[in-house]
Amino acid sequence: MWKKNLGVDVTLQNQERKVVLDNINNGQYSVVFSRWLADYNDPSTFLNVFRSTSSENSAKYANQNYDRVLHQATAAQTPQQVQQYFQQAEDLLSAETPVAPVYYEANATLVKPYVKGIDFTRQGPLYDKNVYIIAH
């Protein structure tokens, strides 16, 4: 698809997970599959990954303005100000494109209507300690 749609020749290279992580940490790649899941309901769960000092910043993105804007979001007095700073940070990321999201993972789960009490986490797995069956 990359050749057909983008004119890019690509060679896939399978590697053990440890090798992949070492190559990512050392910047030894052109394109790499990586993912990040929101572990709390706030834009900062994604935006903080690209701080210059973040250990999760495998793209090695560094922008002093971006770091400053996120710091200002942390110190903002109102939720509206926080959102304005987050929007500025997103605009900087969009303009400089340190990553290119090309795949969005989705989870589909089928649950019978008589199964109740299922609680899904943000990462997808469910907690089943409160699950029960109603008469059907």
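What you see is a predicted model; the values in this text were computed from it and never measured. (Residues numbered from 1 in each chain as written. Predicted model: local features only at pLDDT ≥ 70, side-chain atom pairs only at ≥ 80, totals over all residues. Heavy atoms only, no water.)

It is worth spelling out the pattern of salt bridges at this point. For the coordinates displayed, the defined rule picks out 2 salt bridges. Linking Lys3 and Asp9 is a salt bridge whose minimum nitrogen-to-oxygen distance equals 3.6 Å. On the basis of relative accessible area, Asp9 is assigned to the exposed category, the value being 63%. Among the ionic pairs, Lys18 bridges to Asp22, the shortest N-O distance being 3.4 Å. Taken together, the residues span about one helical turn, with Lys18 and Asp22 both in helix α2 (residues 17–25) at a distance of 4 residues. Residue class for Lys18 comes out exposed when judged on its relative accessible area of 59%. Accessibility expressed as a relative area gives 35% for Asp22, which makes it partly exposed. (Salt bridge = Lys/Arg side-chain N within 4 Å of Asp/Glu carboxyl O. Buried < 20%, exposed > 50% of the residue type's maximum accessible area, 1.4 Å probe, protein only. Helix = DSSP H or I, 4+ residues; strand = E, 2+ residues; numbered from the N terminus.)

For the rest of this paragraph, the subject is the confidence of the model for the chain. The predicted coordinates of low-pLDDT regions are not to be read in fine detail. Here the chain averages 89 in pLDDT, while 97% of its residues score no lower than 70. In the model of the chain, strand β3 (residues 126–127) stands out as the element of lowest mean pLDDT, 73, in contrast to helix α4 (residues 64–75), which has the highest, 97. (pLDDT = per-residue confidence, 0-100.)

The volume enclosed by the largest pocket comes to roughly 2300 Å³. Every residue lining the largest pocket is counted, 48 residues in all, and those nearest its centre are Val32, Phe33, Ser34, Arg35 and Val99. When residues of the lining of the largest pocket are traced back to their parent elements, those giving at least two are α2, α3 (44–47) and α5 (79–96). Among the elements that take part in the lining of the largest pocket, α2 stands out by supplying 6 residues, more than any other. (1 Å grid on protein atoms, 1.4 Å probe; cavity = no way out; pocket = protein on both sides within 12 Å on 5 of 7 lines; lining within 4 Å. Points joined across faces, edges and corners; volume = space filled by probe spheres on them.)

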